[in-house]
Amino acid sequence: MSFDVHIHVVYGDKSNTIGGYLSDKDIHAQMRVLNEGFASVGVSWNLVNISRVHQLDWFLNIGIDIFGAMKTSLRQGGASTLNIYTVSFYNTARTPHRGMLGYSTIPRDYAIAPALDGVVISYTVFPGGTQKSYHLGHTLTHEAGHWLGLYHTFQGGCSGSEGVSETGGDQVDDTPPQRNSTEGCPIFRDTCRGGGLDAIDNFMDYSPDECRNNFTPGQGTRMLQQAQVYRGK
């Protein structure tokens with residue numbers, strides 16, 4: 001299953017250190033990482049276009065009062081088109097998102113607010129970026145997982161109280177229950193006794209990029225089902 005991708009580079013100035021300007025080389029490196037991450041579950045991503053927008057307010061102050069205008073202005077395609085917006089998440093007091101790495105809408109939200117569909121992500125997390133522990137490109141893999149309907153591996157904790165109990169809070173039956181998100185790469189971490197070791201190497205945990213390298217078959221099945229139901233694939 002293949003999805004078209006539009007990447008919108010929102011930047012403050014033409015430096016890639018603090019100004020957020022990403023080159024074609026940076027973006028193609030990220031697309032390689034994205035496709036490698038999803039290859040095992042039968043999903044591919046086709047880069048259709050790169051747009052660059054010099055808009056300092058959007059770049060610095062992304063939040064509820066900004067992203068609607070940004071997305072409405074820039075978004076391309078329909079439900080099956082992934083739009084990615086790169087910003088700084090500098091976030092002054094205007095917004096609650098300071099320090100965030102990225103966030104995504106989920107498939108069922110498209111019918112309610114199609115103009116807001118997509119992923120907003122920090123330019124610092126692209127491969128070779130400046131974000132400590134998150135500079136290999138797996139943050140976008142994580143957010144694209146959300147865009148295709150995945151929850152965090154630690155959703156609902158050990159009881160799965162935020163999801164279907166027999167499949168855990170993430171509604172996938174082959175990811176072990178997990179009490180909370182992971183810091184570092186503790187290979188024998190087991191926060192929910194009896195369910196198996198925490199999947200700290202899964203793209204849907206918060207582990208550092210060096211730890212994360214897979215989706216489970218169950219996650220792959222859920223993504224394809226969600227895409228068929230909500231994204232017209």
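Note that the coordinates shown come from a computational prediction; the quantities given were computed from them, not determined experimentally.

Draft legend 1. Molecular detail of the state of the cysteines. Considering all chains together, one arrives at two disulfides under this definition. Linked covalently through their sulfurs, Cys-158 and Cys-192 form a disulfide whose S-S length is 2.0 Å. Across the S-S bond linking Cys-158 and Cys-192, the dihedral sits near -90°, which makes this disulfide left-handed. Taken together, the residues span a long stretch of sequence, with Cys-158 in the loop between α4 (138-147) and α5 (217-230) and Cys-192 in the loop between α4 and α5 at a distance of 34 residues. You can call Cys-192 buried: its relative accessible area is 5%. For Cys-185, the disulfide goes to Cys-211, at an S-S distance of 1.5 Å. Given an S-S torsion of about -70°, the disulfide between Cys-185 and Cys-211 has left-handed geometry. Of this pair, Cys-185 sits in the loop between α4 and α5 while Cys-211 is found in the loop between α4 and α5, placing the two residues 26 residues apart along the sequence.

Draft legend 2. The arrangement of helix α1 (residues 24-38) in detail. Between its first and last C-alpha, α1 extends 21 Å over 15 residues, near the 21 Å set by a 1.5 Å rise per residue. Looking only at α1, the buried set comprises Asp-26, Ile-27, Ala-29, Gln-30, Met-31, Val-33, Leu-34, Gly-37 and Phe-38. Buried residues belonging to α1 abut β1 (2-11), β2 (44-54), α4 and α5.

Draft legend 3. Structural context of the packing of aromatic side chains. This model, assessed by the stated rule, comprises 10 aromatic pairs. Consider the rings of Phe-203 and Phe-215, whose centres lie 4.9 Å apart with planes at 55°: the pair is tilted. With Phe-203 in the loop between α4 and α5 and Phe-215 in the loop between α4 and α5, the pair connects residues that are 12 residues apart, well separated along the chain. Just as Phe-203 is buried, Phe-215 falls in that class too. The side chain of Lys-233 reaches across the aromatic face of Phe-3, ending 5.1 Å from its centre.

Draft legend 4. Local environment of the confidence of the model for the protein chain. The share of residues in the protein chain with pLDDT of 70 or more is 91%, and the mean pLDDT across the chain is 90. Considering only residues more than four positions removed or in separate chains, one finds that residues 161-167, a stretch of pLDDT under 50, has 11 contacts.

Draft legend 5. Fine view of the side chain of Thr-86. Within the fold, Thr-86 resides in strand β3 (residues 81-87). What makes Thr-86 buried here is its relative accessible area of 0%. Setting aside residues no more than four positions away along its own chain, Thr-86 makes contact with His-8, Val-9, Val-10, Leu-22, Ile-121, Tyr-123 and Phe-126.

Draft legend 6. Structural context of the nonpolar core. Counting residues in each nonpolar core, the largest one holds 45 residues, and the members touching the most others are Phe-38, Trp-45, Ile-62, Met-70 and Leu-148. The element contributing the most residues to this core is β1, with five residues. Among all residues touching Trp-45, those that are not within four sequence positions of it are Phe-3, Val-5, Met-31, Leu-34, Asn-35, Phe-38, Leu-82, Ala-144, Trp-147 and Leu-148.

Draft legend 7. Just unusual backbone geometry, in detail. Phi angles above zero are rare outside glycine, and Ser-133 is one such case at about 75°. You can see Ser-133 is positioned in the loop between β5 (119-122) and α4. Positive phi is not limited to glycine here, since Gln-171 has a value of about 60°. For Gln-171, the position within the fold is in the loop between α4 and α5. The class for Gln-171 is partly exposed, based on a relative accessible area of 29%.

Criteria and thresholds
- Residues numbered from 1 in each chain as written.
- Predicted model: local features only at pLDDT ≥ 70, side-chain atom pairs only at ≥ 80, totals over all residues.
- Heavy atoms only, no water.
- Disulfide = S-S within 2.5 Å.
- Helix = DSSP H or I, 4+ residues; strand = E, 2+ residues; numbered from the N terminus.
- Buried < 20%, exposed > 50% of the residue type's maximum accessible area, 1.4 Å probe, protein only.
- Expected span 1.5 Å × (residues − 1).
- Contact = heavy atoms within 4.5 Å.
- Phe/Tyr/Trp six-rings, centres within 6.5 Å; stacked < 30°, edge-to-face > 60°.
- Lys NZ or Arg CZ within 6 Å of the ring centre and 35° of its normal.
- pLDDT = per-residue confidence, 0-100.
- Core = buried A, V, L, I, M, F, W, Y, C linked by side-chain atoms within 4.5 Å.

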